[in-house]
2 protein chains.
Amino acid sequence: MSIGQSIPRVDAWEKVSGKAKYTDDLVDRNALICKVLHSTIANGLVRKMDISGAESIPGVVKVITCFDVPDFPYPTAGHPWSTDPAHWDPMDRRLLNKRVRFYGDDIAAVVAVDEISASRALRAIKVEYEEYPFVLSPEEAMKEGAPLLHEESPGNILKSTKIEDGDFEAAIKEEGLICFEGVYETPIVQHCHIESVTSWAYMENGRIVVTSSTQIPHIVRRIVAQALGIPWGEVRIIKPYIGGGFGNKQDSLYEPLNAFVCKQVGGRLVKLELTREEVFSSTRVRHAEKIYLKSWLRPNGRLVARSYTAYSNQGAYGSHGHGIAAKGTNVFRQLYNDEKARRTEIFTVYTNTAAAGAMRGYGTPQAVFAVESHIEDIARSMNMDPLEFRFLNMMPVGYVDPFTKNVNRFDSLRQCVEKGREWIKWDEKRERYANQTGPVRRGIGMSLLWYNTAVWPISIEVSSCRMVLNQDGSIQMQLGETEIGQGADTVFAQMAGETLGIPWEKIHVISAQDTDITPFGFGAYGSRQTYVGGASIHKAALMLKEKILRCAERYNKIAAADLDLIDGSIVQISKNNEKLHSLAELATDTFYHKEHAEHLTVEVTAQVKSNALSLGCAFAEVEVDIPLGKITLLNLINCHDCGRLINPKTAEGQVHGGMSMAIGFGIYEKMLYDPKTGELLNGNLLDYKLPTILEHPRLEGQFVENPEPTSPYGTKGLGEPPTVPGAPAIRNAVLHATGVSINSIPLSPHLLFSEFQKAGLI
Amino acid sequence: MSIGQSIPRVDAWEKVSGKAKYTDDLVDRNALICKVLHSTIANGLVRKMDISGAESIPGVVKVITCFDVPDFPYPTAGHPWSTDPAHWDPMDRRLLNKRVRFYGDDIAAVVAVDEISASRALRAIKVEYEEYPFVLSPEEAMKEGAPLLHEESPGNILKSTKIEDGDFEAAIKEEGLICFEGVYETPIVQHCHIESVTSWAYMENGRIVVTSSTQIPHIVRRIVAQALGIPWGEVRIIKPYIGGGFGNKQDSLYEPLNAFVCKQVGGRLVKLELTREEVFSSTRVRHAEKIYLKSWLRPNGRLVARSYTAYSNQGAYGSHGHGIAAKGTNVFRQLYNDEKARRTEIFTVYTNTAAAGAMRGYGTPQAVFAVESHIEDIARSMNMDPLEFRFLNMMPVGYVDPFTKNVNRFDSLRQCVEKGREWIKWDEKRERYANQTGPVRRGIGMSLLWYNTAVWPISIEVSSCRMVLNQDGSIQMQLGETEIGQGADTVFAQMAGETLGIPWEKIHVISAQDTDITPFGFGAYGSRQTYVGGASIHKAALMLKEKILRCAERYNKIAAADLDLIDGSIVQISKNNEKLHSLAELATDTFYHKEHAEHLTVEVTAQVKSNALSLGCAFAEVEVDIPLGKITLLNLINCHDCGRLINPKTAEGQVHGGMSMAIGFGIYEKMLYDPKTGELLNGNLLDYKLPTILEHPRLEGQFVENPEPTSPYGTKGLGEPPTVPGAPAIRNAVLHATGVSINSIPLSPHLLFSEFQKAGLI
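The following paragraphs examine the structure supplied in this document. (Residues numbered from 1 in each chain as written. Chains lettered and ligands numbered in written order. Predicted model: local features only at pLDDT ≥ 70, side-chain atom pairs only at ≥ 80, totals over all residues. Heavy atoms only, no water.)

Describing the overall build of chain A
The criterion, for reference: What counts as a helix is a DSSP run of H or I of at least four residues, what counts as a strand is a run of E of at least two, and both are numbered from the N terminus. Only C-alpha atoms enter the radius of gyration; for comparison, a globular chain is expected to reach 2.2 Å times N to the power 0.38, where N is the number of residues. Relative accessibility under 20% of the residue-type maximum defines a buried residue, over 50% an exposed one, and the middle range a partly exposed one, all with a 1.4 Å probe and only protein chains included. By definition in these notes, contact holds between two residues if any of their heavy atoms fall within 4.5 Å. Note on areas: Shrake-Rupley with a 1.4 Å probe; residue coverage comes only from the protein chains shown. For the purpose of counting charges, residues Lys and Arg are taken to be positive, whereas Asp and Glu are taken to be negative. His and the chain ends are not included. Charge coordinates come from a single atom per side chain, which is NZ of Lys, CZ of Arg, CG of Asp or CD of Glu.
Regarding its fold elements, chain A presents 20 helices and 27 strands. Here the C-alpha atoms of chain A give a radius of gyration of 27 Å, agreeing with the 27 Å that 2.2 N^0.38 yields for 762 residues. Based on the C-alpha atoms only, the size of chain A along its principal axes is roughly 90 × 75 × 50 Å. Counting only residues that meet the buried cut, chain A has 66% of its 762 residues in that class. For chain A, the proportion of contacts with a sequence separation of at least 24, taken over those separated by at least 6, is 80%. Summed over all atoms, the accessible surface of chain A reaches about 25600 Å², with 52% contributed by carbon and sulfur. Side chains of chain A give 80 positive and 91 negative charges; the mean places of these two sets differ by 1 Å.

In structure tokens form, the structure reads like this:
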């Protein structure tokens, strides 16, 4: 039994000893270097470019401008492809853009023999722009007369959706209802993965090979081919170990350009690595959202109807587009249960900021922040205990979502809340902190969490798995699903070992993906991998075990039905699982059998047509220094029901990482754009305030394990959920401490000071 | 139809443009360098080693001596493993040897940060030997009192075999028989592949990874594990493109030592590359053989009985051992048909020279040289036309070999002879050159060729193949069988394309093998790959096509039986093969189908329980300058029946390469050992006389195509046969020109001068 055990990570030794190879460790030192020229205006047109100076710099091999690239747009989002064009992601960018739409857009690329010549060449390119006015927020962008970013999107609206559940207008007319309103805002933030965006490309037998730090090699393959207009089979993507992605690398960022410039220099090896500043200015960010909430309830606290209107800042290009705002509406529609009706209207709007894409949580951190701040405010106004108010209104057990068919099978939310309540001593501290005075006060708050695993039925969910038996009874396992630092390889090994009956140490997971040979799978996103990848591992392992037992039948002349594989040995069931021989002995016989030699391998695709609710909550305790506008986070606990835990230790690691991002999202992080130029002002790790270890309390992660029946291993998503409830829990704790409802994050001193002033506290 | 077409090699562009990556191109420049210390005595014991001087040299990381390695012997031959110990190859060497058995034996290894420090350290090691007498030839080694190389082999006989077909003693008593005798000798030669023996190793997740220039990655995996005493699954071998092997790399040469030293330095990356001199002195060579032939025939020329006694020089270690001499006996026993009986006795004998292993032809060049020289001498003595004499006595059509069950299905030998006879103008020139005088004379001669494809039933023959469909209708194909410069990848692509119904350009052959992920197969030897690999390609392609048509049935709602895949399109058979849609369209639908998404792949093992005779001949025309002892080769033609040609151009390339090696074997090459010290005297490419382009006539290769029924593509071995008949054809041409029978090769001026003197010509 390896499932449920905190085995050490299979890649731990390699990674802590510095032996593990990442993209940049693998590139040949003779690689040409590509550097990208970014626009220095936020909106406009490149009229002319003079590259003669750049071309004359020694070491420069090629200068490619936005006038040299094919004029067909391509999508970048890391979504499964669909044969239905209605499901295609926005195709609104070229490899390099003449029509620039944000400060930092890609307008030219230089290939040189080294970084210095490439950088010099960038500086030597002279650009003549035609400048347009620009907009930085959706509300500005939707105004009449606002500059239009994309011809095909009037009003700069990439997409909008309106949904009504029940008869909303009738519902809110019920007599005696109390109405609450609130407007909530979340910031643009960046993923800040340790490893930069980096790739290198060369050509081999007429095909293009790109090694890249990506979460989604098989999808990047498709996108590179689309961007270059070549058959998909002529692209090969290789993904080594990667140093974090958090959704930024669930986009095809610079692989298409890297591939294109490689082709332009005759297929020579070209490396393209972004600086940290470029990662900030020119890759993806989290969508800032402004969310308007309105709730109608009875005096007993029961929600009757609510409305949700959200404006999601898409930035300059479509990327993942409307999916983020749409996922947010599921939080609104499912986390609480309106007795009669609800209305949702969401707008995804282009602005002249960096393109927003996927980021851990995928729209749910924004929506949960709004919904859980709003709920807290209501409970407080109604003078109800926030937990009791939630228990009264939250998604009931047995709820079936009409679209996804998801069933809320267990009382997970309440179970998680009770764990958090106990650990943080909710009842005692709510009491203790009730009537504070003075400049420094403490408070506790909490937030529920709603997340659903994987992307069905928005897109298909498939995962393929291959297993290869060795002569010593060990196996190699390959999946399209990717290890991106989260421990995927480790839990995959545990799952395979469990189903096969082989110790996990004997499962050699091939960590790197190579789209030429790795089974097809979509990669790391949507917290899907244990859930969907688990399905293919289970299917493959059962098939391989059946093949093994069939060989064992021949070898032992005992019916396969009376044989089992346990802990690496073939045993006879009817003789009390007596060991007959090792799998190694059987495997060797099978490899070299004079009559029946066979290399035992299996390869299967599992298609998953379900998803699973991954619920939980966070509780925060803060100390607020009111005059300083400073929050000290004293305690933070996340409780999750992600089904059965495959590896408690790595699960806890995921929770800790997510909580850390929630702390940044709630208190510290925000990308600031210059309103005069549209330039990003704090695009580096000094000015952009990531929380450090000093800003972290001891992080507590706890679990409720309700085995998920739609997963063969009883598991569901845990990659993203931990990052979701922290910010509103902190915000609600600040409210508890100070009595001030602050409706936007981060809760920086700058904001707190002005809010506390407004509230008359200072 | 791609089979039978001379498509360009799929790796041509990469290789001629210098882009193709070989082992040494791929190693990280920070690799530690390992160099090996070789013994400077031919036989004896290392008593002591002082490594203190070596260890004090800056840059030296580790010095490992023969006293530091595990004391268990391992085999090195690249043969399929057998679960029957009786079939195991000799296990008679350690990673480093205290008991040294030839001048050049491995006694210590140094690991250093660079080559210079490593070389300095080698020179600083002080070795104290106990020296024994040594022997350089089997006949010396078998003498009573000769020094014994391996305790377990009395008389230095690794193995001997005696076979009698028919009642030999009775047969030779027939009255009126004429008896002929001859003794024939072949030299020790080296493969002289362009790329050296090179590998590099590192550890990853506790497992050892070796990238090596090898023909047999899956076998090397097993041997490295055996040599290190670890489970086989803990070794991973990667084989990039390789620059020739010719059988030397059908042995595990330095991979085990490389892996061992890597472990000794904590798994750091260590490269081990031999110099050319080391390749000569310390890798493998072709077995020198001395063969005694005796034939009894009737006055009409019909062979009644023959005997064959061979002494095969094994050198110091077992390697491929007795297999080489044994394969030679098949030439003797099958190429000619004795009416009554024959007797064979062969001895494989250890001597203090470099270990002999596999080399293109695997014993058949030696045996064919002896048999075809002997036959020529008999025909000449009997005053019969050499062709008529052969036609009278050679293996008849319908012959079934009792051991292999091989059937001589076609009149291939005669058909090949007729082609060669016509091309070289045999009848005219035999006549014209009949009565020459003067110092410079011309002659023509010929030789038949016998070879059988692959190794069944000596060992098992299996090959596994995996195919992976892409969205654009192209596929990747992986086999354990290796491209070693011979064009394997190209003919594999043609075979797969043919059976699938996809243009060969759309078959992306994964050229490199990685034992972690590449389907199991034994690799390049025994001219087996088109034959055995072809079987697995055929099986896999049929399965993949069936899967594709099953998807096409659903897609088109037309029964699969009415659908076909032709030239990359799905067509409807009943509508005259009307194109319905491209495979790309179907593949994309299958990848992303909302209900039936599947990644179409197949992986199968084909076990081949047959082998196939690959017959042919060579005709040579020479001009002999008698006083100079110099042969000018005017014309050389090889004719082969290797079944159906997959790619006539690459087949011709194989033939040319083999003919070139035959020229070296016949006229130029011989490794010379100092009788006083046992040291190799000409172990470099200046002193060892490989023929250059100046020594080559225009090479003519022709084919007879009798499709082999035991192969799905009608093909059989062509890798080795071309190197077999050239030397005896040249020898017989010299006989025709001068009347002098020379019974050993190479026909160097040194030898010719003395033979012509003996014959009274000078």
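Details of the pairing of strand β13 (residues 289–297) of chain B
All names here are of chain B. Counted only if it meets this: Two strands qualify as a pair provided DSSP detects at least 2 bridges between them.
In terms of burial, β13 is a largely internal element, seven of the nine residues being buried. Where strand β8 (residues 178–185) and β13 come together, eight bridges link them in antiparallel fashion. Its bridge partner lying in β13, glycine 182 is registered against leucine 293. Sheet topology note: the β13/strand β14 (residues 303–315) ladder contains nine bridges and is antiparallel. Residue pairing in the sheet places lysine 294 in a bridge with serine 307 of β14. In sequence, β13 turns back onto β14 through a hairpin of five residues, with glycine 301 there showing a positive phi of about 95°.

So, the pairing of strand β23 (residues 578–582) of chain B
All names here are of chain B. Taken together, the four bridges between strand β22 (residues 569–572) and β23 define a ladder with antiparallel strand orientation. Residue pairing across strands places glutamine 572 opposite glutamate 578, the latter belonging to β23. Hairpin connection between β22 and β23: a loop of five residues separates the two successive antiparallel strands, and asparagine 576 in this loop has a positive phi of roughly 60°.

Concerning the interface of chain B and chain A
The following threshold applies: By buried area we mean the combined loss of accessible area, with a 1.4 Å probe, across both parts when two parts are placed together. Whenever Lys or Arg places a side-chain nitrogen within 4 Å of a carboxyl oxygen from Asp or Glu, that contact is recorded as a salt bridge. Under the rule applied, a polar contact is a pair of N or O atoms within 3.5 Å (in protein, one hydrogen donor and one hydrogen acceptor; residues adjacent in sequence only if both atoms are side-chain atoms). When residues are grouped by polarity, Ala, Val, Leu, Ile, Met, Phe, Trp, Tyr, Cys and Pro land in nonpolar, Asp, Glu, Lys and Arg in charged, and all others, Gly among them, in polar.
Tallying the contact residues gives 62 residues for chain B and 62 residues for chain A. When chain B packs against chain A, the two sides together hide about 4900 Å² of surface, and 47% of this comes from carbon and sulfur. Viewed at the interface, chain A and chain B are joined by four salt bridges. With a closest N to O distance of 2.8 Å, glutamate 603 of chain B and arginine 466 of chain A form a salt bridge. Counting every contact that joins chain B to chain A gives 38 residue pairs in polar contact (both at pLDDT 80 or more). For the side of chain B that touches chain A, the elements supplying multiple residues, two or more each, are β9 (198–204), β17 (462–469), β18 (475–479), α17 (583–591) and β24 (601–607) of chain B. A class-by-class count of the residues in the side of chain B that touches chain A yields 19 nonpolar, 23 polar and 20 charged.

Let's talk about the sheet that holds strand β15 (residues 341–350) of chain A
Residue and element names in this part refer to chain A. Basically, it comes down to this: Fitted lines through C-alpha atoms serve as axes, helices being fitted only where they are in contact, and the angles separating the N-to-C directions of these axes extend from 0 to 180 degrees.
With respect to topology, five strands assemble into an open sheet ordered β7-β15-β14-β13-β8, the strand pairing being mixed. Each edge of the open sheet is held by one strand with a lone partner, namely β7 (157–165) and β8 (178–185). Looking at each pair of strands side by side, their axes are set apart by 5° on average, direction ignored. Running over the sheet, helix α10 (residues 323–335) touches β7, β13 (289–297), β14 (303–315) and β15 and is turned about 160° from β15.

With respect to the nonpolar core
Threshold: Here, the term nonpolar core denotes a set of buried Ala, Val, Leu, Ile, Met, Phe, Trp, Tyr and Cys residues that are joined through side-chain atoms within 4.5 Å.
Counting 112 residues, the largest nonpolar core has Tyr308, Leu448, Phe619 and Leu747 of chain B as its most contacted members. The greatest single-element share of this core, amounting to eight residues, is contributed by helix α11 (residues 364–381) of chain B. Contact partners of leucine 747 of chain B, with chain neighbours within four places excluded, come to Ile631, Gly666, Ile667, Ile730, Arg731, Val734, Ile742 and Leu752 of chain B. Residues Leu303, Val371, Met394 and Ile663 of chain A belong to the second largest nonpolar core, which totals 107 residues.

What about the relation of the copies chain B and chain A?
Note the cut-off: Superposing the copies works by least squares over the C-alpha atoms of residues that have pLDDT at least 70 in both of them.
Superposing chain B onto chain A takes a rotation of 180° combined with a translation of 0.0 Å along the rotation axis, leaving an RMSD of 0.1 Å. What the rotation and shift describe, once combined, is the action of a two-fold rotation axis. Residue by residue, 100% of the interface of chain B is reproduced at the interface of chain A, so both copies engage with the same surface.

Concerning the pattern of salt bridges
Residues and elements named next belong to chain A. Scanning the model with the defined rule gives 100 salt bridges over all chains in all. Salt-bridge contacts for aspartate 514 lead to arginine 236; the nearest nitrogen and oxygen are separated by 2.6 Å. Here aspartate 514, found in strand β20 (residues 513–514), pairs with arginine 236, found in strand β11 (residues 235–239); they are 278 residues apart in sequence, far enough to count as distant. Per residue, the accessibility class of aspartate 514 equals that of arginine 236, and both read buried. The partner of arginine 731 in a salt bridge is aspartate 377, and the shortest N-O contact between them spans 2.9 Å.

Details of the packing of helix α15 (residues 488–500) of chain A against helix α16 (residues 529–556) of chain A
Residues and elements named next belong to chain A. Our working definition: We call a crossing left-handed when the near helix sits turned anticlockwise from the far one by less than a right angle, and right-handed when that turn is clockwise.
Packing of α15 against α16 brings their axes to within 9 Å, and their N-to-C directions diverge by 35°. Considering how the two elements wind past one another, α15 and α16 form a crossing that is right-handed. Seen from α15, the contacting residues are Ala488, Val491, Phe492, Met495, Ala496, Thr499 and Leu500; seen from α16, they are Gln529, Thr530, Gly534, Ile537, His538, Ala541, Leu542, Leu544 and Lys545. Class assignment of the residues belonging to the contact of α15 with α16 gives a composition of 10 nonpolar, five polar and one charged.

A short note on the packing of aromatic side chains
Here is the rule: When two rings of Phe, Tyr or Trp (its six-membered ring) have centres within 6.5 Å they constitute a pair, described as stacked for plane angles under 30 degrees, edge-to-face for angles over 60, and tilted for the intermediate range. For a lysine, the NZ atom is tested; for an arginine, the CZ atom; a charge sits over a ring if that atom is within 6 Å of the ring centre and within 35 degrees of the ring normal.
Counting across every chain of the model gives 34 aromatic pairs over all chains. When the ring of tyrosine 592 of chain A is compared with that of phenylalanine 522 of chain B, the centres are 6.4 Å apart and the planes differ by 20°; the resulting orientation is stacked. A residue pair is termed interchain when its members come from two chains, as with tyrosine 592 of chain A in the loop between α17 (583–591) and β24 (601–607) and phenylalanine 522 of chain B in the loop between β20 (513–514) and α16 (529–556). Of the two residues, tyrosine 592 of chain A and phenylalanine 522 of chain B, both sit in the buried class. Relative to tyrosine 241 of chain B, the ring of tyrosine 22 of chain B lies with its centre 6.1 Å away and its plane at 45°, an arrangement referred to as tilted. Residue tyrosine 22 of chain B is found in the loop between α1 (12–16) and α2 (23–26), and its partner tyrosine 241 of chain B is found in the loop between β11 (235–239) and α8 (255–264); the two are separated by 219 residues along the sequence. Accessibility expressed as a relative area gives 22% for tyrosine 22 of chain B, which makes it partly exposed. The exposure class assigned to tyrosine 241 of chain B is buried, which follows from its relative accessible area of 11%. Connected via pairs of aromatic rings, a cluster forms that spans Trp81, Trp88, Trp232, Phe520 and Phe522 of chain A together with Phe591 and Tyr592 of chain B. Its guanidinium or amino end placed over the ring of phenylalanine 665 of chain A, arginine 286 of chain A lies 5.1 Å from that ring's centre, counting from NZ or CZ.

Observations concerning α17 of chain A
Each turn of an α-helix holds 3.6 residues, which means side chains three or four residues apart point in the same direction. Within α17 of chain A, seven of the nine residues are buried, leaving the element largely enclosed by the surrounding structure. Residues of α17 of chain A that are buried make contact with β17 (462–469), α16, β21 (563–566), β22 (569–572) and β23 (578–582) of chain A.

Things to note about the side chain of threonine 499 of chain B
Residue and element names in this part refer to chain B. Secondary-structure assignment places threonine 499 in helix α15 (residues 488–500). Side-chain polar atoms of threonine 499 contact the side chain of tyrosine 713, separated by 2.5 Å. Apart from residues no more than four positions distant in its own chain, threonine 499 is found in contact with His538, Ala541, Leu542, Lys545 and Tyr713.

Quick look at helix α20 (residues 749–758) of chain B
Residues and elements named next belong to chain B. Defined as follows: Directions pointing from the helix axis toward each C-beta atom define the arc.
Buried residues of α20: Leu751, Leu752, Glu755 and Phe756, and no others. The arc enclosing the buried residues of α20, seen along the axis, measures out at 125°, which places them on a common side. Turned more than 90 degrees off the buried face of α20, the exposed positions are His750 and Lys758. In this structure, the buried residues of α20 make contact with β25 (615–625), β26 (630–641) and α19 (726–738). A positive backbone phi angle near 80° is found at glycine 760, which sits one or two residues after α20.

Digging into the sheet that holds strand β5 (residues 106–112) of chain B
All names here are of chain B. Taken in spatial order, the eight strands make up an open sheet running β3-β5-β1-β12-β9-β10-β11-β20, and their pairing is mixed. With partners counted over all chains shown, the strands left at the sheet margins are β3 (60–65) and β20, one partner each. Bridge count for β11 against β20 is two bridges, and the pairing is antiparallel. Counterpart to lysine 239 in the pairing with β20 is glutamine 513. Relative to β11, helix α7 (residues 217–228) is tilted by about 145°, and along the sheet it contacts β10 (207–212), β11 and β20. Here α8 sits on the sheet in contact with β1 (32–38), β3, β5, β9, β10 and β12 (270–273), set at roughly 40° to β9.

Overview of unusual backbone geometry
The step from tryptophan 456 of chain A to proline 457 of chain A runs through a cis peptide bond, and the omega angle for that step is 0°. Within the element layout of this structure, proline 457 of chain A appears in the loop between β16 (440–449) and β17. For the bond from isoleucine 745 of chain A to proline 746 of chain A, the omega torsion is 5°, close enough to zero to count as cis. By the secondary structure assignment, proline 746 of chain A is in the loop between α19 (726–738) and α20 (749–758). Phi angles above zero are rare outside glycine, and aspartate 567 of chain B is one such case at about 55°. Here aspartate 567 of chain B lies in the loop between β21 (563–566) and β22.

Scope: geometric values only; no functional claims are made or implied.
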